[in-house]
Amino acid sequence: MTAHPCLTASSGSGRMASSRLPILLALVFSSFSFVLPHSNRVMWFQDLFPPNVCPINAKANTFYGIMFDAGSTGTRIHIYTFVQKSPESLPELEGEIFESVKPGLSAYADQPEKGAETVKRLLDMAIDAVPPHLWKKTPVVLKATAGLRLLSEEKAQALLLEVKEVFEESPFLVPENSVSIMDGSYEGILAWITVNFLTGQLSGQNKHTVGTLDLGGASTQITFLPRFEETLKESPGDFLTSFEMFNSTYKLYTHSYLGFGLKAARLATLGALNMEAVDGQMFRSSCLPKQLEAEWHFGGVKYRYGGNKEGETGFRPCYLEVLKVVKGKLHQPDEIRGSSFYAFSYYYDRAVDTNLIDYEQGGVLEVRDFERKAKEVCDNMERYNSASPFLCMDLTYITALLKEGFGFRDNTLLQLTKKVNNIETSWTLGATFHLLQSLGITY
Ligand SMILES: O=c1ccn([C@@H]2O[C@H](COP(=O)(O)OP(=O)(O)O)[C@@H](O)[C@H]2O)c(=O)[nH]1
Ligand SMILES: [Ca+2]
């Protein structure tokens, strides 16, 4: 983790170095509107802030929101800055400070204090980023996702309690319920709000919203606005959620599949997911290099895994193995087959790892591009042995999840995106809108 660059500034020059949800959720955002960050604003990057984000230059009409994403593979802080230029105008999203640490909180299942310490280290960044006179007005919230959902209630609560203490000891505004495990349905909806807000689909007349696909470590989400009556009729009731935002009502299709994140899928493929005791047992797969034998830690458990020493390896047997994990397990709404979707998180990371897209730019892929890459990697594992030993399994799982899980076509387009206007495409922005609105924080 790097220190906040504002600290190293020589002056104020500004050049700083599963419980199921009820069918209808009333998420009312209508009184809260935000203006998009200007795309022509000076570009700034993770470690370089625009002058008005640093405290020394903070204006009276700047306000902040701090949202923690306690994911299964890491914990991240998002410090959003908003500016209200005049009392009549809507607040504008000005920028975001983002930092992350690994592993995630669930890796500290047996050491909750140590887990909370990782949150404290990130929160110290916010102390530097937010001007002291705004600390008391700046809310801080942490929402945990699938990693904590998979822990026992007791272990998860112990972690959340320690984090709550860290928040209480901080100078920030700690709302009620500031530390919680987020329901998977919110995760999808809030990410959908973020992406559609950042791409300008929630404002103006010509709204053409885009669906979103998030592939985390332990769970995966699909969310879109159905266009056809059929989809509404044929979807299970708890896959549909209504909410009001920016003076419009949206009825979204969303579902979070727990245990279908990339890392949980590795365990499922190996036959090790949800096992009571793994006891040094060796889990083998045709998706791994033949001679491989190694150990892997996930969710506080150690797994031994390896290749099929004697048997088959390669794309074909691997696909059959992975198919068992997804086939018939997911709902397939007909209307998505031909639609394009925004995809991020591990879809993005694995596409970058295999040069399908550029890390900075992202790009547009077809579903079949993942399959082509999976074949290339799985059938030539010896050539890819410097990359993760799971690369073949991961790409094959992504292919199977998209095709056999959700039912996408080979030519369905995926817009791989990490940031829009330099803001992370994460559920955290949608969650911050909701938070600020619920607290009535605008000027
Ligand atoms: O702000 C973020 C948060 C997560 N990720 C990606 O999300 C995946 C990990 O998912 P996570 O740890 O959030 O697991 P979950 O709890 O969602 O299953 C990895 O690809 C990360 O790179 C990201 O790109 N930006
Ligand atoms: Ca996530």
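Reading the values: rules and limits
Residues numbered from 1 in each chain as written. Chains lettered and ligands numbered in written order. Predicted model: local features only at pLDDT ≥ 70, side-chain atom pairs only at ≥ 80, totals over all residues. Heavy atoms only, no water. UniProt positions renumbered as here; feature names shortened; annotations may be inferred. Buried < 20%, exposed > 50% of the residue type's maximum accessible area, 1.4 Å probe, protein only. Helix = DSSP H or I, 4+ residues; strand = E, 2+ residues; numbered from the N terminus. Pairing = 2+ DSSP bridges. Contact = heavy atoms within 4.5 Å.

If you look the protein up in an unreviewed UniProt entry, it shows as nucleoside diphosphate phosphatase from Cairina moschata. Under the UniProt heading Subunit (unreviewed entry), the entry covering the protein gives this text: "Monomer; active form. Homodimer; disulfide-linked. Homodimers are enzymatically inactive." What UniProt states about the protein under its Pathway (unreviewed entry) heading is, verbatim, "Protein modification; protein glycosylation."

> Account for the pairing of strand E5 (residues 140–144), naming residues and giving values.
With four of its five residues buried, E5 lies for the most part within the structure. Pairing geometry for strand E2 (residues 62–70) and E5, over five bridges, is parallel. Note that in E5 the partner of aspartate 69 across the bridge is lysine 143. Alignment of E5 against strand E6 (residues 179–181), held across three bridges, turns out to be parallel. When the bridges of E6 are listed, leucine 142 appears paired with valine 179.

> An account of the UniProt feature "binding site: ATP" (unreviewed entry) in the protein is needed here, citing residue identities and associated values.
The positions that UniProt labels "binding site: ATP" (unreviewed entry) are, in the present scheme, Gly217, Ala218, Ser219, Thr220 and Gln221. Looking at the element boundaries, glycine 217 is found in the loop between strand E7 (211–215) and strand E8 (219–224). Overall, the relative accessible area of 5% leaves glycine 217 in the buried class. Once residues within four sequence positions are removed from consideration, glycine 217 is found in contact with Ser72, Thr73, Gly261, Leu262, Lys263, Ala264, Phe298 and Tyr346. Of note, threonine 220 is situated in strand E8. Exposure remark for threonine 220: the relative accessible area of 0% places this residue in the buried category. Contact partners of threonine 220, with chain neighbours within four places excluded, come to Asp214, Leu215, His255, Ser256, Tyr257, Phe260, Gly261, Tyr347, Leu401 and Phe406.

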